[in-house]
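One letter stands for each residue in the lines below.
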Amino acid sequence: LITGVNTERERVRLASAIEQASEAVVITSDDGTIEYVNQGLLKMLGYDSRDVIDHNITLFYSHQYEPDSLMGMQQAMAEGRTWTKRMVVHKKNGESLDVDVNMSPVRQDGGRITHYVHILRDISKESQLEAQLRQAAKMEAIGRLAGGIAHDFNNQLTVVRGYCDLLLRDLQPGDPTRECIEQMDHATKQATTLTSELLSFSRKQILKPQVVNPNQIIEDIRKSLGLVGEDIRLDLSLQQDIGNIRVDPSRLEQAVMNLAINARDAMPSGGDLAIRTANIDNAEDILSLRAMGLQGPMVMIEVEDTGLGMDAETSEQVFEPFFTTKKKGKGTGLGLSMVYGFVQQSDGYIQVDSRPGRGTSFRMYLPRVSEALDVEAPLEKTTPAEGGSETILVVEDDNTVRQLVVRVLREHGYKVIETGVPEDAPRLIEQSDTHIDLLVSDVVMPGTSGPMLARMLRQRLKFLRVLFISGYTDEKTLRREIHFAKVNFLQKPFAPEDLCRAVKQALRT
Ligand code: ADP
Ligand code: MG
């Protein structure tokens, strides 16, 4: 008798444990008819127990997407086996959910199978994170490819553009060949824009970060945003005490503009465009940020529209370079890849959230900094492109680029010593009978990098001025060096005039 009471008590305890377990538990008869579901299942799928009792377990699963899995399940039931599978279930409201299903037979007194227990675990968060990481890896690979092409192309473009310029300078205004060369020059400039967009996607663009207030930047471009469209209501909700961020201000402007223009395109018959800023106290509080290894305080900048929206498949591709759904000649597919590259390179993360017909939200998360605002640096364009008579050491491993640089500098009166091998530079300095005023050097070279070379030479010539020329910088540390080691930088491809201006500027520092 005492044993009976114990068994009864045990039964009650077991039943309430199952009822309150956080996993979803379903008990079916041996043919799959639902006899019991616990609270966890009702909560997970949004059903009432009336909706499901006496229905077959297949009610939960998508017949369209899971025909094989359902067959597998029925097979397992027929054979009395346990069975596990990752599947998609339907919630009552039509949404779908990724779950891990575990089904096992219940035997009466260890003999005949009377029931099956199905345990469903919600893995939608895991699937989302997996997709997010897969996406990041894919973008990384495309970025490497795009960056590599753009880098090598920039060297070629510097050469073509440079010689076009030299030719044009020598030709009389009425010369018939002039037009041909102008066309070439024009095409080169367009190609330059393209490589620069690719570089910014591949996070190899040289950024000029400053400590800025995001609200201020958004306020500054408010006027241009007003032009986005007539039937579009613009709503700025900027958090008052928003933190500062360290980004390249012109890139951030461009990013917000790109997002706003896309929003406009998605609202052909008007709608609402909202731009919001908010402080995020800790990146780890947001799952998708934590998954990317981000930590600490951040700032969120959101651009949201009430336009056409996108399905999941489109959303997954929007950041890829050249992905566009717009007509030929309308879209380049490079707007969002630039935004993506900029955010990544600024140590942030960008997330898209969209549904067909329900609008789209892009959220940029950027690390918050505690430093005070930077005062804006003076514009470099003011330096005239005139020549000089100083001595310049040119180190560049690409022969055609070096020849062009040397030629332009000599034509402007400079004395030039040159080499394609950085390791030869110290010897050249020793052999030179004049003092070297400036080092003009490529950044990425086999063996000794530009910054390494500059450091080495500065041990002999303490006040040697430096101008780096490069299509990109490859590593973070290199970028840091360019920002902090008091060196000047000129982005390839450049026109001869840009080179002279940069040299002049560097000689003055
Ligand atoms: P483009 O604007 O030249 O097509 P983008 O890189 O800026 O290139 O955008 C890529 C694609 O992403 C667009 O063609 C569009 O399909 C989609 N897209 C971007 N922003 C939105 C948005 N706000 N709403 C709907 N679709 C968008
Ligand atoms: Mg666009």
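Refer to the structure printed above.
Just so it is clear, the structure is predicted and the values come from calculations on it, not from any experiment.

1. Observations regarding the site of ligand 1
Around ligand 1, the surrounding shell holds 18 residues, and the nearest of these are N262, D305, T324, T325 and K326. At a separation of 2.8 Å, an oxygen atom of ligand 1 approaches a polar side-chain atom of N262. Separating an oxygen atom of ligand 1 from a backbone N or O atom of T332 is a distance of 2.8 Å. About the coverage of ligand 1: the protein hides 93% of its 530 Å² of free accessible area. Secondary structure elements with two or more residues in the shell around ligand 1: α9 (249-265), α12 (335-345) and β12 (360-369). Partitioning the shell around ligand 1 into residue classes produces eight nonpolar, eight polar and two charged.

2. Some thoughts on the pattern of salt bridges
A full pass over the atoms with the stated rule returns 30 salt bridges. In this structure, the salt-bridge partner of E79 is R81, at a minimum N-O distance of 2.7 Å. Of the residues examined, E79 reaches a relative accessible area of 46% and is grouped as partly exposed. Residue E396 is joined to K492 by a salt bridge in which the shortest nitrogen-to-oxygen separation is 3.1 Å. Placement of the pair is E396 in the loop between β13 (391-395) and α13 (399-411) and K492 in the loop between β17 (488-491) and α17 (496-508), with a sequence separation of 96 residues. Per residue, the accessibility class of E396 equals that of K492, and both read buried. If you follow the salt bridges from partner to partner, you end up with R86, D100, R121, E126 and E130 in one network.

3. What about the sheet that holds strand β1 (residues 24-29)?
Reading across from one edge, β2-β1-β5-β4-β3 is the order of the five strands in this open sheet, with antiparallel pairing throughout. Strands at the two margins of the open sheet, each flanked by one partner only, are β2 (34-37) and β3 (83-90). Sheet twist, expressed as the mean angle between neighbouring strand axes with direction ignored, is 30 degrees. Sheet topology places β1 next to strand β5 (residues 113-122); six bridges connect them, and they run antiparallel. The residue of β5 that forms the bridge with A24 is L120. Running over the sheet, helix α4 (residues 67-79) touches β3, β4 (96-107) and β5 and is turned about 135 degrees from β3.

4. Notes on α9
Taking 1.5 Å per residue as the helical rise, α9 with its 17 residues ought to reach 24 Å, and the 24 Å between its terminal C-alpha atoms agrees with that figure. Within the span of α9, buried status applies to P249, R251, L252, A255, V256, M257, N258, L259, A260 and A263.

5. Some points on the side chain of E320
Within the secondary structure, E320 is located in the loop between α11 (312-315) and α12. Those residues in contact with E320 that sit more than four places away from it in its chain are K138, M139, I142, G333 and S337.

6. Notes on the packing of helix α5 (residues 124-170) against helix α6 (residues 177-201)
Where α5 contacts α6, the two axes come as close as 8 Å, and the packing angle between them is 155 degrees. By the angle between their axes, α5 is roughly antiparallel relative to α6. Crossing of α5 against α6: the hand is left-handed.

7. Let's talk about the pairing of strand β14 (residues 415-419)
Sheet topology places β13 next to β14; five bridges connect them, and they run parallel. Within β14, the residue paired with L393 across the bridge is I417. The parallel pair β13 and β14, bridged by α13, forms a crossover whose chirality is right-handed.

8. Re the sheet that holds strand β16 (residues 465-470)
The strand order across the open sheet built from five strands is β14-β13-β15-β16-β17, with neighbouring strands paired in parallel fashion. Edge positions in the open sheet fall to β14 and β17, since each of these has one partner strand only. Direction aside, neighbouring strands of the sheet carry axes that sit 20 degrees apart on average. Lying over the sheet, α13 contacts β13, β14 and β16, oriented at roughly 170 degrees with respect to β14. Docked against the sheet, helix α15 (residues 450-460) engages β13, β15 (438-442) and β16, running at close to 155 degrees with respect to β15.

9. Some details on the nonpolar core
Note on soluble globular proteins: their nonpolar side chains tend to be buried together. One finds L252, V339 and M364 to be the most contacted residues of the largest nonpolar core, which totals 44 residues. Residue contributions to this core peak at seven residues, all from α9. The next biggest cluster of nonpolar side chains, apart from the first, holds 27 residues, and it includes M44, I57, M87 and M103.

10. Here we look at the environment of G348
Position of G348 among the secondary structure elements: in the loop between α12 and β11 (349-354). Taking the C-alpha atoms as reference points, G348 and T391, separated by 43 residues in sequence, lie 43 Å from one another.

11. Remarks on the packing of aromatic side chains
Under the criterion given, the structure shown has four aromatic pairs. A ring pair is formed by Y47 and F60, whose centres lie 5.9 Å apart and whose planes are at 45 degrees; its orientation type is tilted. Taken together, the residues Y47 in the loop between α2 (39-45) and α3 (49-52) and F60 in the loop between α3 and α4 connect sequence positions 13 residues apart. Given the relative accessible area of 0%, F60 is considered buried. Measuring from centroid to centroid gives 6.3 Å for F201 and Y340, while their planes differ by 40 degrees, and the two rings are tilted. Of this pair, F201 sits in helix α6 while Y340 sits in helix α12, and the two are 139 residues apart along the sequence. Take Y340: its relative accessible area is 8%, and that puts it in the buried class. In textbook terms, an aromatic cluster arises when at least three aromatic residues are bridged by ring pairs, as seen for F201, F319, Y340 and F362.

Conventions used here
- Residues numbered from 1 in each chain as written.
- Chains lettered and ligands numbered in written order.
- Predicted model: local features only at pLDDT ≥ 70, side-chain atom pairs only at ≥ 80, totals over all residues.
- Heavy atoms only, no water.
- Near = heavy atom within 4 Å.
- Polar contact = N/O pair within 3.5 Å; in protein donor to acceptor, adjacent residues only side chain to side chain.
- Areas by Shrake-Rupley, 256 points an atom, 1.4 Å probe, with all protein chains shown as cover.
- Helix = DSSP H or I, 4+ residues; strand = E, 2+ residues; numbered from the N terminus.
- Nonpolar A, V, L, I, M, F, W, Y, C, P; charged D, E, K, R; others polar.
- Salt bridge = Lys/Arg side-chain N within 4 Å of Asp/Glu carboxyl O.
- Buried < 20%, exposed > 50% of the residue type's maximum accessible area, 1.4 Å probe, protein only.
- Pairing = 2+ DSSP bridges.
- Axes fitted to C-alpha atoms, helices over the stretch in contact; angles between N-to-C directions.
- Contact = heavy atoms within 4.5 Å.
- Expected span 1.5 Å × (residues − 1).
- Parallel < 35°, antiparallel > 145°, perpendicular 65-115°, else oblique.
- Left-handed = near helix turned anticlockwise from the far one by under 90°.
- Right-handed = clockwise from strand over helix to strand, strands pointing away.
- Core = buried A, V, L, I, M, F, W, Y, C linked by side-chain atoms within 4.5 Å.
- Phe/Tyr/Trp six-rings, centres within 6.5 Å; stacked < 30°, edge-to-face > 60°.

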